[in-house]
Amino acid sequence: MGQRLGVNVDHVATLRQARRTPYPDPVTAAALAELAGAQQITIHLREDRRHIQDRDLRILRETVQTLLNLEMAATAEMVKIAYEHKPDVVTLVPERREELTTEGGLEVANQREHIAKIIKNLKDGEIAVSLFIDPDLDQVRAAHKVNADRIELHTGRYCEARNEKERARELARIVDAAKAGTKLGMGVAAGHGLNYDNVQPIARIHEIDELNIGHAIVGRAVLVGFERAVREMLELMRNPG
């Protein structure tokens, strides 16, 4: 299989935090995801701690058997947390308190100095760094200039396309950005809004080596169970047509 599946367990924590109960536990969900074949666990420790908590990160670092990808804002506080827990990969994402979910990619081109400093700090701690960016060639080039190891292409506009013409245009942007990232020597992932109906065209892009999918898998898991939900997504990725 060309691409690894990173299962984002944030929304298991969302369900838990809705009632402030100890369940459902994203740590348990992560273990089930790995048993079903996921090759990475992704979590976003947000500044407001709306879903994933510090406790989750601590335990997941001890229990994840594959790779642990920590999504976080590009702040000194989060760098300190990353240093403490040493995830395999840190993905720097933009973050605004009022947003429901991450609304767009990180603006790298206009804050290169700040991002470069954060990346250097993380790499000094032997943590690989990915940047969550829009599929825009200027952002891809900027990610390379600040010495990112990887990029993750924001697939939201592709997923939200209102018609086939718009979807084809957004898919072409993702293909171009993926090719550019690979040519510049960076690993390329994709994610945001991917589900069981729209994942296959993205899975067909050879330059993309990783998909991070959360909400759709957690939503299906509520109905069919976590292992089955993960296996069904892996099946679509392995046989993208």
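Anything mentioned here points back to the structure above.
So, how was this worked out
- Residues numbered from 1 in each chain as written.
- Predicted model: local features only at pLDDT ≥ 70, side-chain atom pairs only at ≥ 80, totals over all residues.
- Heavy atoms only, no water.
- Helix = DSSP H or I, 4+ residues; strand = E, 2+ residues; numbered from the N terminus.
- Rg over C-alpha atoms; globule rule 2.2 N^0.38 Å.
- Buried < 20%, exposed > 50% of the residue type's maximum accessible area, 1.4 Å probe, protein only.
- Contact = heavy atoms within 4.5 Å.
- Areas by Shrake-Rupley, 256 points an atom, 1.4 Å probe, with all protein chains shown as cover.
- Axes fitted to C-alpha atoms, helices over the stretch in contact; angles between N-to-C directions.
- Parallel < 35°, antiparallel > 145°, perpendicular 65-115°, else oblique.
- Left-handed = near helix turned anticlockwise from the far one by under 90°.

A. Geometry of the overall build of the protein chain. When helices and strands are counted, the protein chain shows 11 helices and eight strands. Here the protein chain has a C-alpha radius of gyration of 17 Å; the compact-globule value for 241 residues is 18 Å, and the two agree. Each principal axis of the C-alpha atoms in the protein chain carries an extent, and together these give about 45 × 40 × 35 Å. In the protein chain, buried positions account for 51% of the 241 residues. Contacts in the protein chain between residues far apart in sequence, at least 24 positions, make up 69% of those at least 6 positions apart. Total accessible area on the protein chain is roughly 11400 Å²; 49% of this is exposed by carbon and sulfur atoms.

B. A look at the packing of helix α4 (residues 76-85) against helix α5 (residues 112-124). Packing of α4 against α5 leaves a shortest axis separation of 10 Å and a crossing angle of 15°. With respect to α5, the axis of α4 lies roughly parallel. For α4 against α5, the interelement crossing comes out right-handed. The residues of α5 that touch α4, namely those facing Val-79, Ala-82 and Tyr-83, are Ile-118, Asn-121, Leu-122 and Asp-124.

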